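These are the residues of each chain, in order.
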Amino acid sequence: MSAQLSEDPPHPCFIQDPVHGFIEIPRKFLRIIDTPQFKRLQNLKQLGATYVVYPGATHTRFEHSLGVMHLAGRAMDQLRRKNPELKIDSRLKELVMAAGLLHDIGHGPFSHMFDSEFLKNQKYYPELKGKSHEDFSVAMINHIVKAENNPLEFETVETEEGEVFSEKEFVQSLINPKAFSEERKKYERKYNGKWIYQIISNEESGLDVDKMDYLLRDARALRMGDISMPIERVLLNMEVKLTKDLGESDTPEQKANQIAFPVKLCNDIYMIFNMRYNLHKNVYTHKTIKAVEYMMLDAMLMVDKELEISKSCMNMAKYAHLTDSVINQIERLRGAKYEKARKLICRIQRRQLYVSAYQLIVPQKLYEIWNKNTKKKELITKEEIMEELRNSLVTEEDIVIQHAKLNYGSKEKNPLDSIVFFRHNKWKGSTQVMQPGLPSHMIQENIKHQEHLLRVYLRVDKSNKTKGGVDYKKIGATEDAMRRWSEREENKKIVKPIVFESMEPKRFPLNRTTSQPTTKIERRVFSTPTRNSLRRPSGATGTPVGHKMISQSLGCSSPGQSGGTPLRPTPSSSRRDRPRKRRTKFAMLSPIPEEKPQKRKRNGIGNA
């Protein structure tokens, strides 16, 4: 009996996740989870410095990786039920789940700021410029396989044709398809299509389990909305459409062998991409959050040589100890040469941040016109700002320029154009591929789903904006320079002045003779009607003045017109009929009660 128990598969492990509930983890995966390289993700915040503005954004890459692994397993189960001809076995499911578990194991401190800003601006290792966290994830997998004695038991198989299939290489290609473009074609032939590369990192449409998990997790932590139902519908309706299933399609080769969705899900998928846009615009590129990230970046660049931050990227054994705690290491440094870096971290804690001196959002259509006329790639450069500053106190070291593209994941294109939708023809028993376009007629046609964000920061102390101080003069000079830049002939089309009106209700005095506001603004201040004001003069016809004024200002039809609803009139202009009650600014829009016909008595006995 003991021999029989030993042959049974080990009982899986369950983890309680705040987003997905109980997550089932195979026992084999615990060999990777319980390693120092993977536990390092517990010290990497998912959203970097976002916790400075949103205190609830403290979730880590560790739980995100577990969530992606869980959703990858669910997606594979769904495809196995819908497409038995794909012959998805338990080992293929394990490899895809392993790619979801390890896809972010190469992330650096403070989320994407490390690979997009720090590695680009560090000056000691030029070969690191252009590297991404996917490249470090591939290197970290090689390090784990070697240091931990191949915990997932990756195998290598050679076929009779001489092709070599490596499970480790397959997992790495799922995480970083760009770096394994040649190997990807080999595995697409083996697994019959592109669908296998649309689960973890989907380069075709951007809709993958990685995006689903971080949108769910970030929106929950930030209280930015709930998209759990659209994502649940996507997971329950995905399937792979093969070439033989798309006989009626005009281009079956381009749309075949990919993950497809019923056309009824177009609105749900559009909601997912819309949530991505909202998070990028309101959170990921938040003005204060970016100011904190630029201050952290400057502090890390100042101590890069002493703390060997960029050097650790060349050795995965040292990279495994690089976490968000690098900021705490900077605070503990002693010496005069580290004074500037320590002051920057102290200013972050006291919220004395870099100042945003200018901000501009340009729609894609206007940007294309501007780019065609000027032949420039960036909206503005430091050289152009220095030209407009005209020998002021501001130097190039004081200026930080932020360029960002806010879109739905497919640049300026509609994100639904990159997704395969289908509709079943019940009468013919076939499937037709179609493009739904926009999910609603309320959205403009031919709209560009992208806009360009420009911000200009100054490396000055916000608390020193006292009148007459150096920082105060720098801020004023930069604002004047950006105003002159926006008044250039080439920039007038993309810079449109925005006038913000006060939302406070304003009170306007009434003219005593006409009971009308003294200004021409369409704002009416009505008094509470009295009993005398509701009387209609005998023999009067037409619309009372009060009714006409209300109907014209609010767009209602008058009682004299067909379909009009009688409204209570405003009080007359005579002083005698003015109410004693306190005046209100609300119009009485309830209909006038209809008068009942009076009963005539005859000799006091009964009705006529």
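Preceding this section is the structure that the text describes.
These numbers were taken from a predicted model, which means no experiment stands behind them.

### A word on helix H13 (residues 266-284)
Each turn of an α-helix holds 3.6 residues, which means side chains three or four residues apart point in the same direction.
Working step 1: For H13, spanning 19 residues, the distance from its first C-alpha to its last is 26 Å, which sits close to the expected 27 Å at 1.5 Å a residue.
Working step 2: Inspection of H13 places Cys 266, Asp 268, Ile 269, Tyr 270, Ile 272, Phe 273, Met 275, Arg 276, Tyr 277, Leu 279, Val 283 and Tyr 284 among the buried residues, and these make up the whole buried set.

### Regarding empty space enclosed by the protein
Working step 1: One pass over the structure, following the stated rule, counts two cavities of 30 Å³ or more.
Working step 2: Considered as a void within the structure, the largest cavity measures approximately 130 Å³ in volume.
Working step 3: The wall of the largest cavity is formed by 16 residues, among which Gln 198, Asn 202, Leu 207, Ile 259 and Phe 261 lie closest to the centre.
Working step 4: Broken down by secondary-structure element, the contributors of at least two residues to the lining of the largest cavity are helix H10 (209-222) and strand E6 (258-262).
Working step 5: For the lining of the largest cavity, the element with the most residues is E6, which contributes three residues.
Working step 6: Split by residue class, the lining of the largest cavity holds 10 nonpolar, five polar and one charged.

### Here's the deal with the nonpolar core
Working step 1: Core analysis: the largest hydrophobic core is formed by 122 residues, its most contacted members being Trp 195, Ile 199, Phe 261 and Ile 269.
Working step 2: Setting aside its immediate chain neighbours within four residues, Ile 199 contacts Ala 72, Ala 75, Met 76, Leu 79, Val 96, Asp 208, Val 209 and Ile 259.
Working step 3: Judged by nonpolar contacts, the second largest core, of 25 residues, contains Ile 380, Val 394, Ile 401 and Val 460.

### What about the pairing of strand E11 (residues 450-458)?
Working step 1: Taking burial as the measure, the nine residues of E11 include nine buried ones, the bulk of the element.
Working step 2: Alternating positions in E11 separate into two faces, Gln 450, His 452, Leu 454, Val 456 and Leu 458 on one and Glu 451, Leu 453, Arg 455 and Tyr 457 on the other, with burial throughout.
Working step 3: Where strand E7 (residues 355-363) lies against E11, eight bridges are found, and the strand directions are antiparallel. Residue pairing in the sheet places Val 355 in a bridge with Leu 458 of E11.

### Digging into the sheet that holds E11
Working step 1: Taken in spatial order, the three strands of this open sheet run E7-E11-E8, and their pairing is antiparallel. For this open sheet the edge positions go to E7 and strand E8 (399-407), each flanked by a neighbour on one side alone. Within the sheet, the average angular offset between the axes of one strand and its neighbour, ignoring direction, is 15°.
Working step 2: By the bridge criterion, nine bridges tie E8 to E11 in an arrangement that is antiparallel. Bridge pairing links Ile 399 to Leu 458 in E11.
Working step 3: The strands touched by helix H14 (residues 287-302) within the sheet are E7, E8 and E11, with E11 carrying the most contacts at an inclination of about 55°.
Working step 4: Contacts between helix H20 (residues 382-389) and the sheet are confined to E8 and E11, with E8 contributing the most and set at about 130° to the helix.

The rules behind these values
Residues numbered from 1 in each chain as written. Predicted model: local features only at pLDDT ≥ 70, side-chain atom pairs only at ≥ 80, totals over all residues. Heavy atoms only, no water. Helix = DSSP H or I, 4+ residues; strand = E, 2+ residues; numbered from the N terminus. Expected span 1.5 Å × (residues − 1). Buried < 20%, exposed > 50% of the residue type's maximum accessible area, 1.4 Å probe, protein only. 1 Å grid on protein atoms, 1.4 Å probe; cavity = no way out; pocket = protein on both sides within 12 Å on 5 of 7 lines; lining within 4 Å. Points joined across faces, edges and corners; volume = space filled by probe spheres on them. Nonpolar A, V, L, I, M, F, W, Y, C, P; charged D, E, K, R; others polar. Core = buried A, V, L, I, M, F, W, Y, C linked by side-chain atoms within 4.5 Å. Contact = heavy atoms within 4.5 Å. Pairing = 2+ DSSP bridges. Axes fitted to C-alpha atoms, helices over the stretch in contact; angles between N-to-C directions.

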